[in-house]
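Structural features, examined
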Amino acid sequence: SSKTFWTTTGMFPQELIIGFPKCVKISKVAIQCYLVRTLRIERSTSKDPVGFEECIEKDLQHREGQLQMEEFPLPEFQATYLRFIIKSAFDHFVSVHRVMAEGT
């Protein structure tokens, strides 16, 4: 829902983990967020959310009063879990409004 979002508690780093019902192939990840400065995306192929490895880390552009919409085309890889780590922000509190993963 576009009316719901996940928000940080004010200190960094913060993380959220998204799990898939089984291991999937992912070719692109997109995120809509607000006031995120540095974002790292990691993946795990384990049955449990452990053993993560870094996929990408990026500094995002500040867009005052607007959602940041970022796409991360990635070489196809497999993942059971994606971990999004917000390493730093433009304010004390940030929000994540939507996460999308494309693949099979």
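In the annotation of an unreviewed UniProt entry, the protein is listed under the name IFT25 protein and assigned to Cisticola juncidis.

Summing up its helical and strand segments, the protein has zero helices and six strands in all. When the elements of the protein are put in sequence order from the N terminus, they spell out β-β-β-β-β-β. The globule rule puts the C-alpha radius of gyration for 104 residues at 13 Å, and the 13 Å found for the protein is close to it. Here the protein holds 104 residues, and the buried ones make up 38% of them.

What follows covers the pattern of salt bridges. Going through the model one piece at a time under the given rule, you end up with 11 salt bridges. Measuring nitrogen to oxygen at the nearest pair gives 3.3 Å for the salt bridge that ties Glu42 to Arg40. In this structure, the salt-bridge partner of Glu57 is Lys87, at a minimum N-O distance of 3.1 Å. In this pair, Glu57 sits in strand 4 (residues 53-59) while Lys87 sits in strand 5 (residues 68-89), placing the two residues 30 residues apart along the sequence. Its relative accessible area of 34% is what places Glu57 among the partly exposed residues.

Strand order in the open sheet made by the six strands is 1-6-2-5-3-4, with antiparallel pairing throughout. A strand with exactly one partner marks an edge of an open sheet, and here the two such strands are strand 1 (6-7) and strand 4. Sheet analysis places strand 3 (residues 36-44) next to strand 4, joined by six bridges and oriented antiparallel. Looking across to strand 4, one finds that Arg43 is bridged to Glu53.

So, how was this worked out
- Residues numbered from 1 in each chain as written.
- Predicted model: local features only at pLDDT ≥ 70, side-chain atom pairs only at ≥ 80, totals over all residues.
- Heavy atoms only, no water.
- Helix = DSSP H or I, 4+ residues; strand = E, 2+ residues; numbered from the N terminus.
- Rg over C-alpha atoms; globule rule 2.2 N^0.38 Å.
- Buried < 20%, exposed > 50% of the residue type's maximum accessible area, 1.4 Å probe, protein only.
- Salt bridge = Lys/Arg side-chain N within 4 Å of Asp/Glu carboxyl O.
- Pairing = 2+ DSSP bridges.

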